[in-house]
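Single-letter residue listing:
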Amino acid sequence: MNEIYDIACIGGGIMGCASALQMAEGGIKPIVLDQGDLGQGASGVNAGTLSLQIKRVKLMPYALRGHQEWESMGDAVGFRKTGGYTLAFTDHEAELLQERMRLKVDAGAPIEFVSNRVLNQAEPNLADRVVAASYCAEDGYANSSLTGQFYRAKLKQQGVQYREGFKVLGVEACNDGYVIRSTNSSVKAKKLLLSAGAWLKPLAALMDVELPVQARINTVSVTERLPMLMRSVIGHATGLLTMKQKANGTLLIGGGWQGRGTPEQGRGQIDTDSLRSNLALARHVLPALEYARIARSWTGFEAHVPDFYPLAGKLPGYEDVFVLGCVRGGYTIGPYIGKLMGDYILERTTELPLFDPGRNFVEVVA
Ligand SMILES: Cc1cc2nc3c(=O)[nH]c(=O)nc-3n(C[C@H](O)[C@H](O)[C@H](O)COP(=O)(O)OP(=O)(O)OC[C@H]3O[C@@H](n4cnc5c(N)ncnc54)[C@H](O)[C@@H]3O)c2cc1C
């Protein structure tokens, strides 16, 4: 344990990796540590939807810049800008859609309302009972299973060290920073970035700080290969559905339906009732799915705090320990907010404000 890194990023998901790359670009020497493989957490199992229509209004400036980052990453992450429709099937859903989308337009998202004729021309296989629909040409998707290999290659290219299979079990302060201990080895760094996603709470507890991090257990399913049924990313006014069909014909279905389990237990389990409801909604929107077979369903842990805004700043009580996580739609925003976090640690002025992890959290309904 001779080398002393400038900073250790604990958690090699999109947040930890994007921050490390920015810090390396700024001339400091980070190391990324992950308990498993890079991108094996939420960043590697999510639905890959990059949709401004499902982003929180206050996070829109971050999401708009996130979209630019994805576009620049291109094919290496399976990026496709397909455009996206959000659909309402009842008057109540239509009201909800109008209300939500207007706020997002005011926040800068290029979303428009479209007629049934326009929708039907673009996506003829969708159910014809649509009452209202919105469209965003910026929406699309990326392939989350490429996250780990993408960032591994980028870190190597920029000469950033990373250790996979390095589960952080203890952190001790020493003269020139911190000793970070795993089972059989340790690493020394002057500063720390805690970027452990749904595992942030136990990690911060190692530093005697209690962060109010909770985890949602989102479900995603993929169908067998199907004839081409849709070209755009499709969502539902309630936010309970996302669908996209990949070039190979498989169709990915998400929408935040809940499974069971805790981050400490591992990957979580499917809740069959919840999965059935998710698939029924998908069939309602795309009737041809009635005859499609689901090849696989899985779950992943998405972290949040009571006000559903990110943790991005200094760990309360520490000047040299930082936290980044709990970003709603964190896959979309990750590459951008990671850069912001890197800039903050480099003591540069950040383009947009961060989110103080020491704030008073006001409970809101998601
Ligand atoms: C099923 C699912 C679907 C989603 N769909 C979308 C979507 O369509 N669009 C969108 O924008 N967002 C989506 N999200 C949210 C998005 O995936 C997350 O917000 C984002 O990936 C979080 O990134 P992260 O780096 O903070 O966390 P993670 O990717 O979870 O990374 C945290 C890393 O920390 C490591 N770690 C934890 N504890 C330790 C420790 N003690 N020592 C070392 N390493 C440790 C873990 O192994 C993990 O790799 C979805 C999330 C889930 C779960």
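Remember, it's a predicted structure, so these values are computed and weren't measured experimentally. (Residues numbered from 1 in each chain as written. Predicted model: local features only at pLDDT ≥ 70, side-chain atom pairs only at ≥ 80, totals over all residues.)

1. Digging into the overall build of the chain
Our working rule: Runs of H or I in DSSP of at least four residues are treated as helices and runs of E of at least two as strands, each being numbered from the N terminus. With C-alpha atoms as the basis for the radius of gyration, the globule rule is written as 2.2 Å multiplied by the number of residues raised to the power 0.38. Think of it as a crowd count around each C-beta: if 20 or more other C-beta atoms lie within 10 Å the residue is buried, if 12 or fewer it is exposed, and in between it is partly exposed, with C-beta placed from the backbone throughout.
In terms of helices and strands, the chain carries 9 helices and 18 strands. Its C-alpha atoms give the chain a radius of gyration of 21 Å, near enough to 21 Å, the size a compact globule of 366 residues would have. Each principal axis of the C-alpha atoms in the chain carries an extent, and together these give about 70 × 40 × 40 Å. Expressed as a percentage of the 366 residues in the chain, the buried residues total 48%.

2. Side note on the packing of helix α1 (residues 14-25) against helix α9 (residues 330-345)
Rules: Under this scheme, a helix contributes an axis fitted over its contacting stretch, all axes are lines through C-alpha atoms, and angles between N-to-C directions fall in the 0 to 180 degree range. For classification purposes, angles smaller than 35 degrees are called roughly parallel, those larger than 145 roughly antiparallel, those between 65 and 115 roughly perpendicular, and all remaining angles oblique. By convention, the crossing between two helices is left-handed when the near helix turns anticlockwise from the far helix through less than a right angle, and right-handed when the turn is clockwise. In this description, a residue-residue contact is defined by the distance between C-beta atoms placed from the backbone, which must lie within 7 Å.
As a packed pair, α1 and α9 sit with axes 7 Å apart at the nearest point and diverge in direction by 40°. Taken together, the axes of α1 and α9 lie oblique to each other. Once α1 is placed against α9, the crossing between them reads as right-handed. Between α1 and α9, the residues in contact are I14, M15, A18, S19, Q22 and M23 and G330, Y331, G334, P335, G338, K339, M341, G342, D343 and I345, respectively.

3. Regarding the site of the ligand
What counts, and what does not: By definition, a residue lies near a molecule or strand provided its backbone-derived C-beta atom is within 6 Å of it. Charged residues are taken to be Asp, Glu, Lys and Arg, nonpolar residues to be Ala, Val, Leu, Ile, Met, Phe, Trp, Tyr, Cys and Pro, and polar residues to be all remaining types, Gly included. Domain start and end points were adopted from an automatic or database domain assignment.
Every one of the 42 residues lining the ligand counts as a neighbour, but G11, G13, G41, G197 and G330 are closest to it. Sorting the residues of the shell around the ligand by element identifies α1, α2 (42-45), β12 (214-223), β16 (294-304) and α9 as the ones contributing at least two each. The biggest single contributor to the shell around the ligand is α9, with 4 residues. The class makeup of the residues in the shell around the ligand is 16 nonpolar, 23 polar and 3 charged. Both domains that meet at the shell around the ligand, namely domain 1 (4-43 + 145-213 + 306-345) and domain 2 (80-141 + 214-304), each give it at least three residues.

These results come straight from atomic positions and should not be treated as a statement about function.
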